Amino acid sequence: MRIGIGNDHSALELKAEIIELLEARGHEVVDYGTNSAESCDYPIYGEKVGRAVVSGEVDKGILICGTGLGISLAANKVKGVRAAVCSDPFTAKMSRAHNDCNILAFGARVVGAELAKMIVETWLDTEFEGGRHQRRVDLIMDIEKKED
Ligand code: RB5
């Protein structure tokens, strides 16, 4: 799978570990930055990864900031994005199985590296269940259309 990754300054070390994990699992990683430790604005990277996912440039996205919140909120403003902040594997699994999320977000100041890796693996290994969940995801996406 081709996976886009984006982050702010708080997540450089954790991103490196996640990229290592993804590549070890045979994924191709596209790094949308930042790669500087200088304080930066997370919406820039949330938007970049959101647009990459929606355009099909990458199959899925992973976003990391201090909490996962700001960067996921930014990504969720891009039409077609369903980004979820997950601090545990159960939520990560459900965000795929029931919500068909196309972006996973988490906080470098919230989860340790080993938990983050478990979250990423669970998220990538879980398929969307469809069925009644498809109807609910469609209803979520219909809200975007009302905003046009
Ligand atoms: C940056 O200090 C911090 O605000 C950011 O990483 C993130 O947690 C925002 O939601």
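Fair warning: this is a prediction, and the values are worked out from it, not measured in the lab. (Residues numbered from 1 in each chain as written. Predicted model: local features only at pLDDT ≥ 70, side-chain atom pairs only at ≥ 80, totals over all residues. Heavy atoms only, no water.)

*Asks:* Describe the sheet that holds strand S1 (residues 2-7), with residues and values.
*Replies:* As summarised here, the arrangement of the five strands in space is S2-S1-S3-S5-S4, forming an open sheet in which the pairing is parallel. At either end of the open sheet lies a strand with only one pairing partner, and these are strand S2 (28-31) and strand S4 (83-85). Strand-to-strand twist across the sheet, computed as the mean angle between neighbouring axes with direction ignored, equals 25 degrees. Its contacts with the sheet put helix H1 (residues 12-24) on S1, S2, strand S3 (60-65) and strand S5 (103-107), and the angle it makes with S1 is roughly 175 degrees. Sheet strands touched by helix H2 (residues 42-55): S1, S3 and S5. Its angle to S3, the strand with the most contacts, is close to 170 degrees. (Pairing = 2+ DSSP bridges. Helix = DSSP H or I, 4+ residues; strand = E, 2+ residues; numbered from the N terminus. Axes fitted to C-alpha atoms, helices over the stretch in contact; angles between N-to-C directions. Contact = heavy atoms within 4.5 Å.)

*Asks:* Residues and numbers for helix H4 (residues 89-97), please.
*Replies:* Along H4, the positions that sit buried rather than exposed are Ala92, Ser95, Arg96 and Ala97. Lining the buried residues of H4 we find S3, S4, helix H5 (113-125) and helix H6 (132-146). Measuring from the side-chain oxygen of the N-cap residue of H4 to the backbone nitrogen of Phe90 gives 3.0 Å; that N-cap residue is Asp88. (Buried < 20%, exposed > 50% of the residue type's maximum accessible area, 1.4 Å probe, protein only. Polar contact = N/O pair within 3.5 Å; in protein donor to acceptor, adjacent residues only side chain to side chain.)

*Asks:* How would you explain the site of the ligand if you had to name every residue and give the values?
*Replies:* With respect to spatial proximity, the complete set of residues near the ligand consists of Asp8, His9, Ser10, Tyr42, Cys65, Gly66, Thr67, Gly70 and Arg109. In the environment of the ligand, an oxygen atom lies 3.0 Å from a nitrogen or oxygen atom belonging to the backbone of Thr67. Starting from 290 Å² of accessible surface for the ligand in isolation, the protein chains cover 71%. Looking at the shell around the ligand residue by residue, the classes come out as two nonpolar, five polar and two charged. (Near = heavy atom within 4 Å. Areas by Shrake-Rupley, 256 points an atom, 1.4 Å probe, with all protein chains shown as cover. Nonpolar A, V, L, I, M, F, W, Y, C, P; charged D, E, K, R; others polar.)

*Asks:* Provide a residue-level description of the pairing of S5, including the pertinent values.
*Replies:* The side chains of a regular strand alternate, residue by residue, between the two faces of the sheet. In terms of burial, S5 is largely enclosed, as five of its five residues are buried. The alternating pattern of S5 places Ile103, Ala105 and Gly107 and Leu104 and Phe106 on opposite faces, both of which are buried. Here S3 runs beside S5; their pairing, made up of five bridges, is parallel. Across the sheet, residue Ile64 finds its bridge partner in S5, namely Phe106. Relative to S5, S4 runs parallel, the two sharing three bridges. Looking across to S5, one finds that Val85 is bridged to Ala105. Between the parallel elements S4 and S5, the chain passes through H4 in a crossover that is right-handed. (Right-handed = clockwise from strand over helix to strand, strands pointing away.)

*Asks:* Explain the nonpolar core to me, and be specific about the residues and the numbers.
*Replies:* In a soluble, globular protein the nonpolar side chains are often hidden away together inside. One finds Ile18, Leu22, Ile62, Ile64, Phe106 and Val120 to be the most contacted residues of the largest nonpolar core, which totals 23 residues. Taken together, the elements giving at least two residues each to this core come down to S1, H1, S3, S5 and H5. When near neighbours in sequence (up to four residues on either side) are disregarded, Val120 contacts Ile18, Leu21, Leu22, Ile62, Leu104 and Phe106. With 17 residues, the next largest nonpolar core counts Tyr32, Val53, Val58 and Ala75 among its residues. (Core = buried A, V, L, I, M, F, W, Y, C linked by side-chain atoms within 4.5 Å.)

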